[in-house]
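Chain by chain, the residues:
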Amino acid sequence: MTTAQERADLLDKIGLAAQNKAALGQVLATGNIGQATEGSDGRMQATVRINPDELIWDPSILVMPHGGDIELELVNDDLNTHCALLPSNGDRKFIWLVNHSRGRATLNLDGPGYYWFSSPTGNDEGRGLTGAIVVLGDAPPEARLDRPEQPRP
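Residues numbered from 1 in each chain as written. Predicted model: local features only at pLDDT ≥ 70, side-chain atom pairs only at ≥ 80, totals over all residues. Heavy atoms only, no water.

The chain goes by Copper oxidase in an unreviewed UniProt entry, where it is assigned to Streptomyces cathayae.

A. Spatial organisation of the pairing of strand E9 (residues 101-109). In E9, alternate side chains face the same way, and those of Ser 101, Gly 103, Ala 105, Leu 107 and Leu 109 are buried while those of Arg 102, Arg 104, Thr 106 and Asn 108 on the opposite face are not. Alignment of strand E6 (residues 68-76) against E9, held across 9 bridges, turns out to be antiparallel. Paired with Ile 70 across the bridge in E9 is Leu 107. (Buried < 20%, exposed > 50% of the residue type's maximum accessible area, 1.4 Å probe, protein only. Helix = DSSP H or I, 4+ residues; strand = E, 2+ residues; numbered from the N terminus. Pairing = 2+ DSSP bridges.)

B. Geometry of the environment of Val 134. Secondary-structure assignment places Val 134 in strand E11 (residues 130-135). According to the relative accessible area criterion, Val 134 is buried, its value standing at 1%. C-alpha of Val 134 to C-alpha of Tyr 114: the two residues are 20 residues apart in sequence and 4.7 Å apart in space.

C. The pairing of strand E8 (residues 93-97), seen in detail. Judged from the 5 bridges that link them, strand E7 (residues 82-86) and E8 form a sheet pairing that is antiparallel. Within E8, the position partnered with Leu 85 by the bridge is Phe 94. Joining the antiparallel neighbours E7 and E8 is a turn of 6 residues, in which Gly 90 adopts a positive phi near 95 degrees.

D. Quick look at the pattern of salt bridges. Scanning all chains against the criterion turns up 5 salt bridges. Taking the shortest distance from any N to any O, the salt bridge between Glu 71 and Arg 43 comes out at 3.7 Å. Here the residue Glu 71 occupies a position in strand E6, and Arg 43 occupies one in the loop between strand E2 (37-38) and strand E3 (44-50), the gap between them amounting to 28 residues. Arg 49 is the salt-bridge partner of Asp 77, the closest N and O atoms lying 2.6 Å from each other. With Asp 77 in the loop between E6 and E7 and Arg 49 in strand E3, the pair connects residues that are 28 residues apart, well separated along the chain. Relative accessible area serves as the criterion here: at 27%, Arg 49 is assigned to the partly exposed category. One continuous salt-bridge network, built from bridges that share partners, spans Arg 43, Asp 69, Glu 71 and Arg 104. (Salt bridge = Lys/Arg side-chain N within 4 Å of Asp/Glu carboxyl O.)

Laid out in structure tokens, this is it:
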């Protein structure tokens, strides 16, 4: 669990505390922030869980240091059934999470940006069960627009 100051410091450190740094806008002020760990093979790993009676992903913001493959473990510690609709290049991934269960998904997120995930079961999204995977980095030269250099903060 992170304190409010630790959360603010981490957001600032990774460039998510101000507009036009690591993202187009500031991250929504919800939940904890976690960072994916990178193995020696370059694949990243992280665990995201739903704690009992909280109806929020923990962490609700997962930061990847760069694009690539990530092995995501999802844990539902809640007494209710939920699911996870996850982003991945090529096709989304869907995992059903009955109460007190876990699942795994391998995602490919190869470009920088925000990738949103949620639980579209019932009214989970409307009640706050949404999260973001933030992939740090800059667009490769071949994907940039042909326009004059823009000022950067």
